[in-house]
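Below, each chain spelled out in residue letters.
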Amino acid sequence: MPEKRKLGRGVAIVGAGMSKFGMFADKDSKDLFAEAFKELLSSVDKGFDPERIEAMWIGNFSNDFFVHQSHWGPIISDLLGMAPIASTRTEGACAASTLAFRDGVMSIASGLYDVVLVGGVEEMSKCTTVEVTEGLALATSPYEGAAAFTFPGVFGALATAYFDKYGASREALMNVTIKSHNNAPLNPKAQFNQTIAEIMQAKIKRAEEKGRPVPSWSDEKDALRDSRFNPPVAWPMCLYDCCPISDGASCMLLVAEDMAGEFTDKPVYLAGMGQGSGRGLHAAPSLTSFEANKQAAAEAYGMSGLEPKDIQFSEVHDCFSIAELIHTEDLGFFGPGEAFEAVADGATKLDGPMPINTSGGLKCKGHPVGATGVSQLIEVWKQLRGDAGKRQIPGRDLHVGGAQNLGGTGGTCTFTILERR
Amino acid sequence: MEERPLSDISYYKFIDEEKLMGSECKKCEELYVPPRHFCIKCHGSDMEWHQMEGNGKLAAFTCIFIGPPFMVQQGFDRKNPYCTGVVELEEGPRVVARIEGVDAGDPESIKVGTPLEVEFLHRGEGDEEVVSLAFRPTAS
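Residues numbered from 1 in each chain as written. Chains lettered and ligands numbered in written order. Predicted model: local features only at pLDDT ≥ 70, side-chain atom pairs only at ≥ 80, totals over all residues.

A few points about the overall build of chain B
Logical step 1: Helices and strands together make up the secondary structure of chain B, namely two helices and eight strands.
Logical step 2: Sequence-ordered secondary structure for chain B, helices as α and strands as β, is α-β-β-β-β-α-β-β-β-β.
Logical step 3: Projected onto its principal axes, the C-alpha coordinates of chain B cover approximately 50 × 35 × 25 Å.
Logical step 4: Burial statistics for chain B: of 140 residues in total, 37% are counted as buried. (Helix = DSSP H or I, 4+ residues; strand = E, 2+ residues; numbered from the N terminus. Buried ≥ 20, exposed ≤ 12 C-beta atoms within 10 Å, placed from the backbone.)

Next comes the structure, spelled out in structure tokens:
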């Protein structure tokens, strides 16, 4: 029974850091993780000696494929000067670093360690788009690959099922994209830093300068309907429904709850966490929901004693726009089939009643797959501490936030609830 | 009675022979396509082959404009997209398969719920021949 799953002792997050996300020809995975760890060192309010780290877990999906190098646990421990402490790589496709976080939490909760480092890294941009598409497709279910599904294709199929069941359309997806792009310029770590309106203006200006026909879009949705601006990738997933190819790293310092005061007066605590598994499109009980989400959410709510209405804001895994709608329904923030109307009404905007993806989401922040899960948790950590800068959720006393991470095409889902006491 | 081992390898060999085969739990009669070693409903482990009729309806689909390398090699690209989807078989199970006989360049014309029948796509010749599972709208 999920509600019975409790930790042996509590865990606090006392430091975190992430690299800028983007496409970096002149940085490799080690450079990116070093950038993240330097920020973590300066983020610990009372300072800390890295010698205190007793073990580490590093999420990485497929650097084996992307840069032909495997076995990232020891590479990163050596990079940080931490060898010979235990350093383990976790793999859960795009949920790889949330699994690193979970392993770190369980190691502290069990009493094995008191201070651990968790994080993730991925380096994708040295591959061509076709190569990345092939690399990501390694995480679809085996039968989907044989039927020539791509990653965006699986989510495209879920979107057609969602449209058919609830009467939604591509307009609903456009609302998600426009919202994410409105948050992105407020996040200095994000890969993209322009709103859709700004991108449109830039394209119009370029057309004028080059003497080309000037687009006459009436508004953002008009541009998103234009296949020259927003070409189909795996219809109904078009370019602006898809997260980009990214490089990046993220890391977080976890300590036993009773030690948190040695590191900071503003700790953030783990309230609940859950993880589920799924089985591919053909065998999924529903094409408009991820069963792995439901399992993860039941565990996390059970452990925390909290309910969906208690979650004040959340990061969710919007690898493709449709996924954001499905996740927010699976987690219970909105009823089944109700998320698309809630987004249209502005409920998930930064100043809405249920802000979703204040970071800009995977769509705009970027999605270096192995680094994404912990980067989501960092966003929640920053918001709860009031450290989110220009994208700090306005006018709210924040105590509880969530982060939902998805691996593959729903094969792995996690939900993690953090709280400030 | 079909005696081949229940496996994905056998499943794909049957497709080469233009047969869509699943497994049936001898205990609770639940059907699975592709076959499973274990019944996920009753956790029984005694399964036998069951040939599917090959009729169903479209449950979900996508039209892919940027495909994997093996589809790009077959000439599919932005100007020549293809459709693939999820088909709910009359017997209950769903399968993922290519969808033929629809206009992938005009996705709005493709409708969830469309009745479909199985078709086996052949490409290449001799030892190089590959057979793929597909469905197309049922001839009315």
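Re the interface of chain A and chain B
Accessible area lost on assembly of the parts is the figure often given for the size of an interface.
Logical step 1: With 25 residues of chain A at the interface, the matching set in chain B holds 25 residues.
Logical step 2: Taken together, the elements giving at least two residues each to the side of chain A that touches chain B come down to helix 5 (129–137), helix 6 (142–146), helix 7 (151–166) and strand 5 (232–235) of chain A.
Logical step 3: Sorting elements by how many residues they give to the side of chain A that touches chain B places helix 7 of chain A first, with seven residues.
Logical step 4: When grouped by side-chain class, the residues that make up the side of chain A that touches chain B number 16 nonpolar, six polar and three charged.
Logical step 5: For strand 5 of chain A and strand 4 (residues 55–64) of chain B, the ladder comprises two bridges, and the chain directions are antiparallel. When the bridges of strand 4 of chain B are listed, Trp 235 of chain A appears paired with Cys 63 of chain B. (Contact = placed C-beta atoms within 7 Å. Nonpolar A, V, L, I, M, F, W, Y, C, P; charged D, E, K, R; others polar. Pairing = 2+ DSSP bridges.)

Structural notes on the packing of helix 7 of chain A against helix 12 (residues 321–330) of chain A
Residue and element names in this part refer to chain A.
Logical step 1: As a packed pair, helix 7 and helix 12 sit with axes 9 Å apart at the nearest point and diverge in direction by 55 degrees. Considering their axes alone, helix 7 and helix 12 lie oblique with respect to each other. For the crossing formed where helix 7 meets helix 12, the hand is left-handed. Counting all contacts with helix 7, which are made through Phe 155, Leu 158, Ala 159 and Tyr 162, the residues of helix 12 involved are Ile 322, Ala 323, Leu 325 and Ile 326. (Axes fitted to C-alpha atoms, helices over the stretch in contact; angles between N-to-C directions. Parallel < 35°, antiparallel > 145°, perpendicular 65-115°, else oblique. Left-handed = near helix turned anticlockwise from the far one by under 90°.)

Notes on the pairing of strand 8 (residues 130–137) of chain B
Residue and element names in this part refer to chain B.
Logical step 1: Across two bridges, the pairing between strand 6 (residues 94–99) and strand 8 is parallel. Bridged to Arg 98 within strand 8 is Ala 134.
Logical step 2: Here strand 7 (residues 115–123) runs beside strand 8; their pairing, made up of eight bridges, is antiparallel. Bridge pairing in strand 8 places Leu 116 opposite Pro 137.
Logical step 3: If you look at the hairpin formed by strand 7 and strand 8, you'll find six residues sitting between the two strands, and Gly 124 has a positive phi there, around 75 degrees.

Description of the domain arrangement of chain B
All names here are of chain B.
Logical step 1: If you check the domain split of chain B, you get domain 1 (8–51) and domain 2 (55–137).
Logical step 2: Just the C-alpha atoms count here: the centres of domain 1 and domain 2 sit 22 Å apart.
Logical step 3: Domain 1 puts eight residues into the contact, and the matching count from domain 2 is nine residues.
Logical step 4: Where the side of domain 1 that touches domain 2 is concerned, the elements lending two or more residues are helix 1 (8–16) and strand 2 (31–32). (Domains from an automatic or database assignment.)

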